[in-house]
Structures are given as structure tokens and as C-alpha cells.
Amino acid sequence: MTIQFLTISQLSDLLKNKKISYEELVDETFLLIKKYSSINSFITLNQKQALIDAKKLNVSNDQNSLTGIPIAQKDLFCTKGLKTTCGSKMLSNFVPPYDATVVSNLNSAGTICIGKTNMDEFAMGSSNETSFYGNVHNPWKEGFVPGGSSGGSAAAVAAGLVPAATGTDTGGSIRQPAALCGLTGIKPTYGRVSRWGMIAFASSLDQGGPICRNAEDCALLLDAMSGYDEKDTTSLKIDPTKINNNINEPLEHLNIGIVREFKQSDLSVDSQQLFSNTIKEFENLGAKISEISLPNIVQSVPTYYVVAPAECSSNLSRYDGVKYGYRSSNADDLESLYVNSRSEGFGEEVKRRILMGTYVLSSGYYDAYYKKAQQVRRLIKNDFGNAFKEVDVILTPTSPSQAFEFGSKGKKDPTELYLEDLYTISANLAGLPALSMPNGFINGLPVGVQLIGNYLDEEKILKLGHYFQKETDHHLKKPNLEGFA
Ligand code: GLN
């Protein structure tokens, strides 16, 4: 029996009916990971401990939906005793002494941590080409990007090596790789999932969430990941979501908004056609479609590229070669220890962000850039507030393009890559929940569509996603992995 490409629910049924044991499932998972290692989706494997954890499950007999399910963790969630690199040389020797809350929540739900997935360095990127550990291949096409920054997580799930993985999303890093790899992923409302032990990039935007094969599995995983955490001061004082139990309840009188300011001409002719088809599919499901206006949304990308680098320059100042992480051996005083450790430990994109961030926060430019960006951020948030008076959910494409060839974008002009997040960034600036799911294929490569919900409306967008997936089969397609084996 092959476990490849099975969903959490399917694997859970196999375990419940004793068609496979916990250990066999773990063994099979590692065989698959090794067979397809050329995809490069993992940085560190947790094989020994995973088997120990699987054995432990044999003695306890309360089997819930997540018991024994193999999960891959993005390599920026701290895992006790297991290397956590954040895709960087800077943390290539970092072994955390504790688990992130997301990790401990998933462990307590009975999942088994299989390993740590490759990612853009410090989660900065849209193509997984900035990792110190090399490019990740998109399982749908060798030599093509899986999207970023949670590219390793998306590739591992798309190749069917694990049924689910965690990701983080600061400007699109769950949704964009999910779209480029034909998967479903959700960025929850800011504060829904604890950021404790999640290595910080831009603290007011970062949010963890699941990447799975469908919306139902995302609900299951979000239910286990979410919930108030006193260790994170921005954590919302609310209970974990309980969406999976009522995911099949009907959705009535649903109003879906299409954003006037996102011009169809920003998309290729094929993508426009696909997006129009998806609108029709939602109409056929009984949704009412109307146009809404988000007047300031066109400013999202420039606003993000002031706010995110500013926060990143502050967060990454802790990597100084003194406390932990990479330390240069070429230093002969404190100053050169700082300079050389940071110069040798960080990659080019991270340095670019730190420089931009330091610049926009400097006394002469703070008002002109950082303060202004925060003001525009407020306007974008207000625009969503007005739109959600008219509609329940907002529908947009997830990404302006499909997976592209390694090295083909952003080499001369980094802003080319920054624009990959045109549709996703605004949800982070406003702190709103947003889901991406597959809505078709162009030239054999997956395309994704995004559902943005109002605050704490994860249930609505997951139910709508699930409803769409019951009626369509885009999410059931699998890549041909011959070239990778
Ligand atoms: N692509 C965006 C960036 O490079 C978003 C990354 C993310 O969501 N972590 O900043």
C-alpha cells in the first residue's frame, strides 16, 4: 500500500482501521522522503525521534484525527533538540532548547514531527531561492520554483511525502507556495496562532498556519495549532478554532466581493479566463458576486516593503555572533566580530532588507517612509472594514503568475519578485485571515485563488473552500514525479 498523496483524513482512517501501524507510517514516510530527496524540501530529518514517538503512540489508545499523522515543520519553528536554521547560515548550528507553541500544540494533538522544511532565508522571498540550503524544486516541474518562503513545506506536501506541513505568512508565504504547488493553505487572523518560538521576521505581520491537500485538512490542523498563548503578547484571548467538526454545515446567502482595483490586465489571458471561470463556479454554488472597492490596495506592496524591512532590521539585530548562531573566526575585536559574523552569516536578500529597514527607520527618513507607511497601512485596513460591510468574503487570484524557472525573476531587479505578492500582502497588513486553494492549471502548472475573510472568520473561508472542493477536482490532481526519483 502506498501512503503517498494521502490526506490527513485518509491516513487517519488507515490508522484507525489498523490497516497500517504508526511505525509503518513513519517508515514509509522516510522511504518516500529519501526517494524524492532531489526535490530538496527538507533541511533536517527527525527520523530517530519520529520512530520513538510512533512507538509511544502504540501504548496509548485514544486515536483522534491527528494521532500518528506525520507533519513537517517549517524550519523557523523552534524544535527542542532539533536543529532550526531558518534557511540561514547564521543559524546553521542552532539547536533550540524549547519547542515553539505551534510545535508543542501539534505534538500534544498526537502528530509526529518528521523533519524541518527548507525555506527562504529568514522567510524573505517568494521563490525559495534565497535559502542557504539550496533551491527547492516544484514537484510539478523540475527546475521551477515552488514559491516562497514556505517552499519546502509546500513541495513536501505537493510531492505527497507528508499530508501536511506548517508554514508562516508575513506577506504571502503560505498562500503563494500553496498556489504554485496546487495545495490549500491558510494564513489565520493575526494573533490566532501563537508566534512564540516562531523565529521573527516582521512581528506585526508574521502568522503561522497550515499547508495541506485540501481545506478540510487545513481546518483540522488549524484547530490543533491555534489558541491563546500567554507567552505571546499579541496572542488573542480566544479558544482554539473548532472548524473541522462543522465544516460540512451549509453556507447560506454568501456574498462574495471582487476587487475593482485589481485589474484583470495584471494577469495573463489564460489566468484571466481561469479567474472568470472560478467566479462562475462560485455563482453556481449559490454565491452572490459583486464588485467592491479597496481604493488603497494598490499601495500594499510598497507599504509592506517599508514596514517589513523596518521590523526585520530590528528583529535581526540579535544575530551578532555573540549569543548564539554563526560566529566569524576572522574577528579580532568586538566591532569586527559583529561586522564579520553578520557579513558572513547573512545572505544577500536578508542584507538588502536590513539595509532598507535601517534606512527607513533612520531619524532623517522615519517620518517620510516608516510613519507614512503605517498611515497607509491604516487606510488599507479601513478599506477592508468598509468592504466587509457589503460582502462576507473577498475573492482574488493568489498570485499573478504560475511557477517560474529558477533564476528567471528578480536577478537584476528584486522588485520583480516582490510583485509576486501583489494579491496576498494586503491581508497581512490588515491582519485578516486568507486562504489559497487550487482553481485550475495553465500549461500543466497549478494556479491558486484566494479567499480573504473578515477578522476571525476562518470558519467561513474554510467552509467555503471545502464546499468548492466538494464540487470541483482541481485539488485532487497529482504531479508526475518520475524525474525526481
Ligand atoms: N515574499 C514576501 C517577502 O519576501 C513575503 C514573505 C513571507 O510571507 N514570509 O517578504
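Keep in mind it's a predicted model, so treat the numbers as computed, not measured.

Draft legend 1. Spotlight on the overall build of the protein chain. The number of helices and strands found in the protein chain is 15 helices and 11 strands. Based on the C-alpha atoms only, the size of the protein chain along its principal axes is roughly 65 × 55 × 45 Å. Out of the 485 residues in the protein chain, the part that is buried amounts to 61%. Excluding contacts between residues fewer than 6 apart, the proportion of contacts in the protein chain whose partners are at least 24 apart in sequence is 75%. For the protein chain, the computed accessible surface area is about 18700 Å², with 50% contributed by carbon and sulfur atoms. The centroid of the 47 positive side-chain charges in the protein chain is displaced by 2 Å from the centroid of its 53 negative side-chain charges.

Draft legend 2. Region of interest: the sheet that holds strand β7 (residues 255–259). Strands sit in the order β1-β3-β2-β4-β6-β5-β10-β11-β9-β7-β8 across an open sheet of 11 strands; the sheet is mixed. Only two strands of the sheet have a single neighbouring strand rather than two, namely β1 (42–45) and β8 (288–292). Neighbour to neighbour, the strand axes of the sheet diverge by 30° on average, direction disregarded. In terms of strand pairing, strand β5 (residues 184–187) meets strand β10 (residues 434–442) through 3 bridges, oriented antiparallel. In the strand pairing of β10, G185 is matched with S436. The strands touched by helix α8 (residues 269–284) are β7, β8, β9 (393–397), β10 and β11 (445–453); relative to β10, the strand with the most contacts, the crossing angle is about 120°.

Draft legend 3. Broad picture of the side chain of N315. The topology assignment puts N315 in helix α9 (residues 300–315). A residue is classified by how much of its surface remains accessible, and N315, at 10% relative accessible area, is buried. Side chain to side chain, N315 and S203 meet in a polar contact 3.0 Å long. Beyond its immediate chain neighbours, meaning those up to four positions away, N315 contacts A200, F201, A202 and S203.

Draft legend 4. View of the site of the ligand. In the vicinity of the ligand, 15 residues are found, and the nearest of them are T170, G171, S173, Y304 and D421. The contact in question runs from an oxygen atom of the ligand to an N or O atom on the side chain of R353, over 2.8 Å. Within the contact set of the ligand, a nitrogen atom lies 2.5 Å away from a side-chain nitrogen or oxygen of D421. Protein contact buries 100% of the 290 Å² of open area that the ligand shows by itself. Across the shell around the ligand, the residue classes break down as 5 nonpolar, 7 polar and 3 charged.

Draft legend 5. Fine view of a nonpolar patch on the surface. Together, V322, L334, Y338 and V339 make up an exposed nonpolar region whose accessible area comes to about 320 Å². As for its position among the elements, Y338 is in helix α10 (residues 334–345). Of the residues examined, Y338 reaches a relative accessible area of 33% and is grouped as partly exposed.

Draft legend 6. Structural detail: the packing of aromatic side chains. Summed over the entire model, instances satisfying the criterion amount to 17 aromatic pairs. Each ring, one from F122 and one from Y319, has its centre 5.1 Å from the other, and the planes form 50°; the classification is tilted. Here the residue F122 occupies a position in the loop between β3 (112–117) and α5 (151–158), and Y319 occupies one in the loop between α9 and α10, the gap between them amounting to 197 residues. Across this residue pair, the class does not change: F122 and Y319 are buried. Members of the aromatic cluster, joined through ring pairs, are F94, F122, Y319, Y324 and F346. The ring of Y326 is capped by K89, whose NZ or CZ atom sits 4.9 Å from the centre of that ring. If you follow K231 out to its NZ or CZ, it ends over the ring of W196, 4.4 Å from the centre.

Draft legend 7. Examining helix α12 (residues 366–390) more closely. With 25 residues, α12 extends 36 Å from end C-alpha to end C-alpha; this agrees with the ideal 36 Å at 1.5 Å per step. The sharpest bend along α12 reaches about 30° and sits at K372. Of all the residues in α12, the buried ones are Y370, A373, V376, R377, I380, D383, F384, A387 and F388.

Draft legend 8. Local environment of the environment of M198. Looking at the secondary structure, you find M198 in the loop between β5 and β6 (208–212). In the structure, M198 is positioned 95 residues away from V103 in sequence and 9.4 Å away in space, judged by C-alpha atoms. Apart from residues no more than four positions distant in its own chain, M198 is found in contact with L76, F77, A100, T168, D206, Q207 and G208.

Draft legend 9. Quick look at the nonpolar core. Ranked by size, the top nonpolar core spans 143 residues in total, and within it F122, F282, F384, I394 and L462 carry the most contacts. Setting aside anything within four residues of it in sequence, one finds F384 in contact with L294, I297, I394, S426, A430, L432 and I452.

Draft legend 10. Broad picture of the packing of helix α4 (residues 101–108) against helix α7 (residues 215–225). Two numbers describe how α4 lies on α7: the axes approach to 8 Å, and their chain directions differ by 110°. Relative to α7, the element α4 lies roughly perpendicular. Along its contact with α4, which presents V102, N105 and L106, the element α7 presents L221, A224 and M225. Its residues assigned to classes, the contact of α4 with α7 comprises 5 nonpolar, 1 polar and no charged.

Draft legend 11. Geometry of the state of the cysteines. Evaluated as defined, the whole model comprises 0 disulfides. C86 carries a free sulfur, and the closest cysteine sulfur to it, the one in C78, is 8.4 Å from it. On the basis of relative accessible area, C86 is assigned to the buried category, the value being 1%. Free cysteine C113: the closest other cysteine sulfur is in C78, separated by 12 Å.

Draft legend 12. Structural view of the pattern of salt bridges. Counting across every chain of the model gives 17 salt bridges. A salt bridge links K231 to D229; the nearest nitrogen and oxygen atoms lie 4.0 Å apart. Owing to a relative accessible area of 44%, K231 belongs among the partly exposed residues under this scheme. Here R352 and E348 are joined by a salt bridge, their closest N and O atoms 3.6 Å apart. Of this pair, R352 and E348 both sit in helix α11 (residues 348–361), 4 residues apart, roughly one helical turn.

Each value, and the rule that gives it
Residues numbered from 1 in each chain as written. Predicted model: local features only at pLDDT ≥ 70, side-chain atom pairs only at ≥ 80, totals over all residues. Heavy atoms only, no water. Helix = DSSP H or I, 4+ residues; strand = E, 2+ residues; numbered from the N terminus. Buried < 20%, exposed > 50% of the residue type's maximum accessible area, 1.4 Å probe, protein only. Contact = heavy atoms within 4.5 Å. Areas by Shrake-Rupley, 256 points an atom, 1.4 Å probe, with all protein chains shown as cover. Lys, Arg positive; Asp, Glu negative; His and termini not counted. Charge placed at Lys NZ, Arg CZ, Asp CG, Glu CD. Pairing = 2+ DSSP bridges. Axes fitted to C-alpha atoms, helices over the stretch in contact; angles between N-to-C directions. Polar contact = N/O pair within 3.5 Å; in protein donor to acceptor, adjacent residues only side chain to side chain. Near = heavy atom within 4 Å. Nonpolar A, V, L, I, M, F, W, Y, C, P; charged D, E, K, R; others polar. Patch = residues over 30% accessible without salt bridge, like charges linked within 9 Å, V, L, I, M, F, W, Y side chains within 5 Å. Salt bridge = Lys/Arg side-chain N within 4 Å of Asp/Glu carboxyl O. Phe/Tyr/Trp six-rings, centres within 6.5 Å; stacked < 30°, edge-to-face > 60°. Lys NZ or Arg CZ within 6 Å of the ring centre and 35° of its normal. Expected span 1.5 Å × (residues − 1). Bend = angle between axes of the 7 residues up to and from the residue. Core = buried A, V, L, I, M, F, W, Y, C linked by side-chain atoms within 4.5 Å. Parallel < 35°, antiparallel > 145°, perpendicular 65-115°, else oblique. Disulfide = S-S within 2.5 Å.

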